[in-house]
Amino acid sequence: MNIIDRIALALIVIGGVNWGLVGVFQFDLVAWICGGQGSIVSRIIYTLVGVSALWCLALLFRDWDSERHVAASTR
């Protein structure tokens, strides 16, 4: 797993926690921290979470066995 995968997964966790708070408590943590849903910072974070979700979708279909084989053969 490379650094981009880890960053994307971290952003997905942030988004999941935020949506959990919205669903249970009707509290948008990202909007609260960044000054509202319409602020540019909030919109950037929402966009990064969305792009990360698309990136992580590709992780579902990645062939992990072949990556381990390639990594082991380059040592």
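Below, the structure is looked at part by part. (Residues numbered from 1 in each chain as written. Predicted model: local features only at pLDDT ≥ 70, side-chain atom pairs only at ≥ 80, totals over all residues. Heavy atoms only, no water.)

### Quick word on the pattern of salt bridges
Here the structure, examined in full by the defined rule, presents 1 salt bridge. The partner of D5 in a salt bridge is R62, with the nearest N and O atoms 2.6 Å apart. One end of the pair, D5, is in helix α1 (residues 3-25); the other, R62, is in the loop between α3 (40-60) and α4 (64-73), and 57 residues separate them in sequence. (Salt bridge = Lys/Arg side-chain N within 4 Å of Asp/Glu carboxyl O. Helix = DSSP H or I, 4+ residues; strand = E, 2+ residues; numbered from the N terminus.)

### Concerning the packing of α1 against α3
Relative to each other, α1 and α3 sit at 120°, their axes nearing to 8 Å. Our classification of the angle between α1 and α3 gives oblique. α3 is crossed by α1, and the crossing has left-handed handedness. Taking contact as the criterion, the partners of I4, D5, A8, L9, L11, I12, G15 and N18 in α1 are, on α3, Y46, L48, V49, S52, A53, W55, C56 and L59. Its residues assigned to classes, the contact of α1 with α3 shows 12 nonpolar, 3 polar and 1 charged. (Axes fitted to C-alpha atoms, helices over the stretch in contact; angles between N-to-C directions. Parallel < 35°, antiparallel > 145°, perpendicular 65-115°, else oblique. Left-handed = near helix turned anticlockwise from the far one by under 90°. Contact = heavy atoms within 4.5 Å. Nonpolar A, V, L, I, M, F, W, Y, C, P; charged D, E, K, R; others polar.)

### Examining a nonpolar patch on the surface
The grouping of V24, F25, F27, W32 and I33 at the surface amounts to a nonpolar patch, some 620 Å² of accessible area in total. Taken together, the elements giving at least two residues each to the nonpolar patch come down to α1 and α2 (29-34). Mapped onto the fold, V24 is located in helix α1. Look at V24 and you get exposed, because its relative accessible area is 61%. (Patch = residues over 30% accessible without salt bridge, like charges linked within 9 Å, V, L, I, M, F, W, Y side chains within 5 Å. Areas by Shrake-Rupley, 256 points an atom, 1.4 Å probe, with all protein chains shown as cover. Buried < 20%, exposed > 50% of the residue type's maximum accessible area, 1.4 Å probe, protein only.)

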